[in-house]
Amino acid sequence: MSDSPSTAPTVYLETFGCQMNELDSELVRGALVTLGYRFIEDWKTADVVLYNTCSVREQAEHKAYSRLGLIGQRKRDGESVVLGVIGCMAERDGKDIFRRYPQVDLLCGPGELDRLPNLIENMRRSMALGEDAPRLSKDARSALAGNKSRRSSTLAAADDNLELLDLSRAFEPVDATTERRSAYVRITRGCNKFCTYCVVPNTRGAEVHRPPDSIVEECRRLADSGVVEITLLGQTVNHYRYVHGSAVGSDGAELPQVGPGLNAFRNTAVLSAGVRTTTFAELLSRIHDEVPHLQRIRFLTSYPRDFGADVLEVMRDSPRICNYIHAPAQSGSDRILKLMNRGYTVGEYLEFVDRVFAYLPDATIAGDFIVGFPTETDEDFEATCALVRRVPFKNNYIFKYSARPGTVAIDRFTDDVPLETKKLRNNRLLDLQTEISREVHERWIGREVEVLLEKVRVHNTPRESSSPSEDDAPIHPGSKNVQLLWNRTKPRQGTQLLGRTQGDMIVVIDVPAGDWTASLGTIHRAKVVGASPLLLHANAVSAI
Ligand code: 5AD
Ligand code: SF4
């Protein structure tokens, strides 16, 4: 860092894990750009290097920690660089990271990201004054929610400054060449479900719902700036429920509020006595109707419980809401689901699936499964395979159980399924899902689909295709998939346009050589002429 804190410092920011992290990174980027920071692609020369980390599985943490080693070398070479670990790993491992990785300068949990710019500025000042060793205490170098992360049991979350980060979002006009036509909008932060294997309720804290007006306004402004597709984000989006009048600021504006939890769904009387609420179905409907120039509305992730007919009705009646549902089943064994504390049985999951198809015959359903959860027997695993055979899942992300510190499962159960068995089950389930995915995709042959065009690809040199690995799998599907799937498609020559249907199926369209940039971000009809487990091949119905 040769410049003084007042000249434009450069930042390298790398994101691991889920869409929620991608959104956090985008907001952090916006906040820092406003302060004069410049983002670059090269970690070797950046003044500030930030890793936005994920703790969901051990593998994700290993990846991030190996990056820290590389930056350590820059520091040993005498370079002055600010290294920050942000996101769930910072929150979970806490200040212990400073001891184990002395090269790390600052830590910031996902619930405190509004404080990140200050942390960076302070660290840069301190470095400018004191050469190498920063003079700041560990406390001054970290912003972690700690036990505060599940602090509030009241409805009001008025001390929740994090909302400012969402509200500070920059709405720059979309530049066609950036391909940034899709955006995420947070509706709920945190999680109250406490699945026994999961770190999220600890790292991201209690479920907090954003006021519907703020969400609709954010969607409107994004659509105004040229965004074509918005994905609403929450750990359990269908549990969104905002109670009006219970969290209001001094200026009368509504504030984010801690969610009512499952009781609100089990006993609707809790909320019905004269209180006005906005449910998830109503929120979807408002966005659809009040932002008519937004072409696609999607949401991630759904919880298989309490996915009411009201949501399905809104989806059926609102053409611009995508009929795509990511609702992880996690296991097909009732015994394991109970140990996971998922709160539903396989029978209830199947009822949910049947209800989805009754309302939305063309819907696509995707999910996640964990294999090798403690005590999982061959019989439990066979039950999972049976569920995958029974439901026409478009795709499933399959994870080997990883015991995570801070979760209930690590204290309550021994991680007793051998790694070899986990790997075998993982591969068997992947193979089975590949068959199902092929069938699901093949059903579309001969039909017309609407494709949101996202990428142009020119193949000059044939490339090797590679098979999917757990490493590659994004935590939840999204446009990141498009790139991954590109890398896995068979080598071929020519120019292709790549996009997605409203059911999140990847579509490849062969086109003549030329400049297709202007077509990105537009939606076109195409007739499906071929299918594979990962994508559809289609011909444009009219000129693109
Ligand atoms: N081990 C393996 N997979 C996990 N997931 C969450 N926690 C764990 C864990 N400890 C998976 C679940 C979840 C997805 C985001 O990650 O399938 O839906
Ligand atoms: Fe984790 Fe369960 Fe919450 Fe999903 S619903 S974030 S798996 S605790």
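The structure we're discussing is the one just above.
Each chain carries its own residue numbering, running from 1 in the written order of its sequence. Here the convention is simple: chains get letters from A, ligands get numbers from 1, in the order in which they are written. Owing to the predicted nature of the model, reporting of local features is limited to residues with pLDDT of at least 70; listing and counting of side-chain atom pairs is limited to 80 or more, with chain, interface and lining totals taken over all residues. In computing side-chain values, all of the structure's heavy atoms are included and hydrogens and water are not.

Colleague: Mind showing me how you'd approach the site of ligand 2 here?
Modeller: Every residue close to ligand 2 is listed here: Cys191, Lys193, Phe194, Cys195, Tyr197, Cys198, Val200, Pro201, Gln235, Thr236, Tyr303 and Arg342. Put simply, Ala, Val, Leu, Ile, Met, Phe, Trp, Tyr, Cys and Pro go in the nonpolar bin, Asp, Glu, Lys and Arg in the charged bin, and everything else, Gly too, in the polar bin. Here the residues of the shell around ligand 2 sort into 8 nonpolar, 2 polar and 2 charged. Whether a residue is near a molecule or strand depends on its heavy atoms: it is near if one of them lies within 4 Å of it.

Colleague: Explanation requested: the sheet that holds strand S12 (residues 257–258) in the structure shown.
Modeller: Strand pairing in a sheet relies on backbone hydrogen bonds, with the paired strands running either antiparallel or parallel. Taken in spatial order, the 3 strands of this open sheet run S8-S9-S12, and their pairing is antiparallel. Edge positions in the sheet fall to strand S8 (188–189) and S12, since each has one partner strand and no second. Should DSSP find at least two bridges between two strands, the strands are taken to pair. The helix count covers DSSP runs of H or I at least four residues long, the strand count covers runs of E at least two residues long, and both are numbered beginning at the N terminus. Judged from the 2 bridges that link them, strand S9 (residues 208–209) and S12 form a sheet pairing that is antiparallel. Bridged to Val208 within S12 is Val258.

Colleague: I'm lost on the packing of aromatic side chains in this one. Help?
Modeller: Two descriptors summarise a pair of aromatic rings, namely the distance from one centre to the other and the angle between the planes of the rings. Note on ring pairs: Phe, Tyr and Trp rings are taken, using the six-membered ring of Trp, and paired if centres are within 6.5 Å. Classes follow the plane angle, with under 30 degrees stacked, over 60 edge-to-face and the rest tilted. Following the criterion strictly, the structure yields 14 aromatic pairs and no others. Centroid distance Tyr12 to Tyr51: 6.4 Å. Interplanar angle 75°. Geometry classified as edge-to-face. Separated by 39 residues along the polypeptide, Tyr12 in strand S1 (residues 10–15) and Tyr51 in strand S3 (residues 48–53) bring together distant segments of the chain. The exposure classification of Tyr12 matches that of Tyr51, with both residues buried. Throughout this description, buried means an accessible area under 20% of the type-specific maximum (1.4 Å probe, protein chains only), exposed means over 50%, and partly exposed covers the range between.

Colleague: What is the right way to look at the nonpolar core in this model?
Modeller: Generally speaking, soluble globular proteins have nonpolar side chains that are buried together. Each nonpolar core is a collection of buried residues, namely Ala, Val, Leu, Ile, Met, Phe, Trp, Tyr and Cys, held together in the definition by side-chain atoms within 4.5 Å. In this structure, Leu232, Ile287 and Tyr349 are the most contacted members of the largest nonpolar core, which totals 67 residues. The dominant element in this core, judged by the number of residues it contributes, is helix H14 (residues 346–359), at 6 residues. Counting residues in hydrophobic clusters, the runner-up holds 31 residues, among them Leu23, Tyr37, Val82 and Met123.

Colleague: I'm lost on helix H12 (residues 309–317) in this one. Help?
Modeller: Residues three or four positions apart in an α-helix share a direction because the helix packs 3.6 residues into each turn. All of the buried residues along H12 are Val311, Leu312, Val314 and Met315. End-on, the buried residues of H12 take up no more than an arc of 160°, which puts them together on one face. In the core, the buried residues of H12 are packed alongside helix H11 (280–290), strand S14 (296–300), strand S15 (324–326) and H14. Here the arc refers to the directions that run from the helix axis out to each C-beta atom. Any two residues whose heavy atoms approach within 4.5 Å at even a single point are treated as in contact.

Colleague: Just to check I follow, could you spell out the sheet that holds strand S20 (residues 506–511) for this structure?
Modeller: Taken in spatial order, the 5 strands of this closed barrel run S18-S19-S20-S22-S21, and their pairing is mixed. Here the strands of the sheet are splayed against their neighbours by 50° on average, with no regard to which way each runs. Examined bridge by bridge, strand S18 (residues 448–459) and strand S19 (residues 494–500) share 7 bridges and lie antiparallel to one another. Considered in S19, the bridge of Lys455 is made with Leu498. Convention adopted: a line fitted to C-alpha atoms gives each axis, helices being fitted over their contacting stretch, and angles between N-to-C directions are expressed from 0 to 180 degrees.

Colleague: Where do I start with the environment of Thr278 in this structure?
Modeller: On the secondary structure map, Thr278 appears in strand S13 (residues 277–279). Assessed through its relative accessible area of 5%, Thr278 is described here as buried. Along the primary structure Thr278 and Arg241 are separated by 37 residues, whereas in three dimensions their C-alpha atoms are 5.6 Å apart. The residues touching Thr278, leaving out its near neighbours within four places in the chain, are Pro212, Tyr240, Arg241, Tyr242, His244 and Leu283. Within the structure, Thr278 has its side chain in polar contact with the side chain of His244 (distance 2.6 Å). N or O atoms within 3.5 Å of each other form a polar contact, as long as, within protein, one can give a hydrogen and the other can take it, and as long as residues adjacent in sequence are counted only when both atoms are side-chain atoms.

Colleague: I tried to follow the state of the cysteines on my own but got confused; where do I start?
Modeller: Two cysteines form a disulfide when their sulfur atoms are joined by a covalent bond. Two cysteine sulfur atoms make up a disulfide if the distance between them is within 2.5 Å. Here the structure, examined in full by the defined rule, presents 0 disulfides. Free of any disulfide, Cys18 has its nearest neighbouring cysteine sulfur in Cys54, separated by 6.0 Å. A relative accessible area of 16% places Cys18 in the buried class. Cys54 gets classed as buried once you look at its relative accessible area, which sits at 4%.

Geometric values such as these leave the question of function open.
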